[in-house]
Amino acid sequence: MEQLTKAEEKVMQILWKLKSAFVKDIIAEMPDPKPPYNTISSVVRILREKGFVDFKAYGKTYEYFPAISKLAYKKFAFGQMLKNYFDGSYETMVSYMVDEETISDSEIKEIKDIIEKKGK
């Protein structure tokens with residue numbers, strides 16, 4: 001699996017939400033100003049080549065659907081972020097969030113509770 005570009009990720013988020021869609025349906029879910037049809041069609045084709053999307057053909061029309069689950073990509077993307085920005089260390093990542101105050105005291109308590117439940 002490889003990292004998605006921002007444009008590819010936007011399209012995948014829509015496909016995960018809709019479960020399946022034609023290019024026009026993907027565009028309809030995007031904010032204004034809407035991108036050109038050919039742009040989204042190209043992004044979907046690239047996603048298909050990368051193995052993220054599959055399709056059903058109806059003549060010359062294609063209905064696209066995710067070939068990779070959102071959970072599978074989430075695990076991959078999180079692993080990449082952890083590796084690339086925190087040297088693969090959860091401790092370093094949490095320490096960063098606490099030091100930068102991006103995580104509240106109540107969230108720290110929730111995380112502790114989750115870890116304690118997981119340990120039992």
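These numbers were taken from a predicted model, which means no experiment stands behind them. (Residues numbered from 1 in each chain as written. Predicted model: local features only at pLDDT ≥ 70, side-chain atom pairs only at ≥ 80, totals over all residues. Heavy atoms only, no water.)

### Re the side chain of glutamate 8
- Mapped onto the secondary structure, glutamate 8 falls in helix H1 (residues 6-18).
- With a relative accessible area of 5%, glutamate 8 lands in the buried category.
- Here threonine 5 takes part through its backbone nitrogen, which lies 2.9 Å from a polar atom of the side chain of glutamate 8.
- The residues contacting glutamate 8, other than those within four sequence positions of it, are Gln3, Val43, Ile46, Leu47 and Lys50. (Helix = DSSP H or I, 4+ residues; strand = E, 2+ residues; numbered from the N terminus. Buried < 20%, exposed > 50% of the residue type's maximum accessible area, 1.4 Å probe, protein only. Polar contact = N/O pair within 3.5 Å; in protein donor to acceptor, adjacent residues only side chain to side chain. Contact = heavy atoms within 4.5 Å.)

### Structural notes on the pattern of salt bridges
- Taken as a whole and assessed by the stated rule, the structure comprises seven salt bridges.
- Here lysine 50 and glutamate 8 are joined by a salt bridge, their closest N and O atoms 2.8 Å apart. Placement of the pair is lysine 50 in helix H3 (residues 37-50) and glutamate 8 in helix H1, with a sequence separation of 42 residues.
- A residue is classified by how much of its surface remains accessible, and lysine 50, at 25% relative accessible area, is partly exposed.
- For lysine 24, the salt bridge goes to aspartate 25, with nearest N and O atoms at 3.3 Å.
- A relative accessible area of 57% means that lysine 24 is categorised as exposed.
- If you follow the salt bridges from partner to partner, you end up with Glu2, Glu8 and Lys50 in one network. (Salt bridge = Lys/Arg side-chain N within 4 Å of Asp/Glu carboxyl O.)

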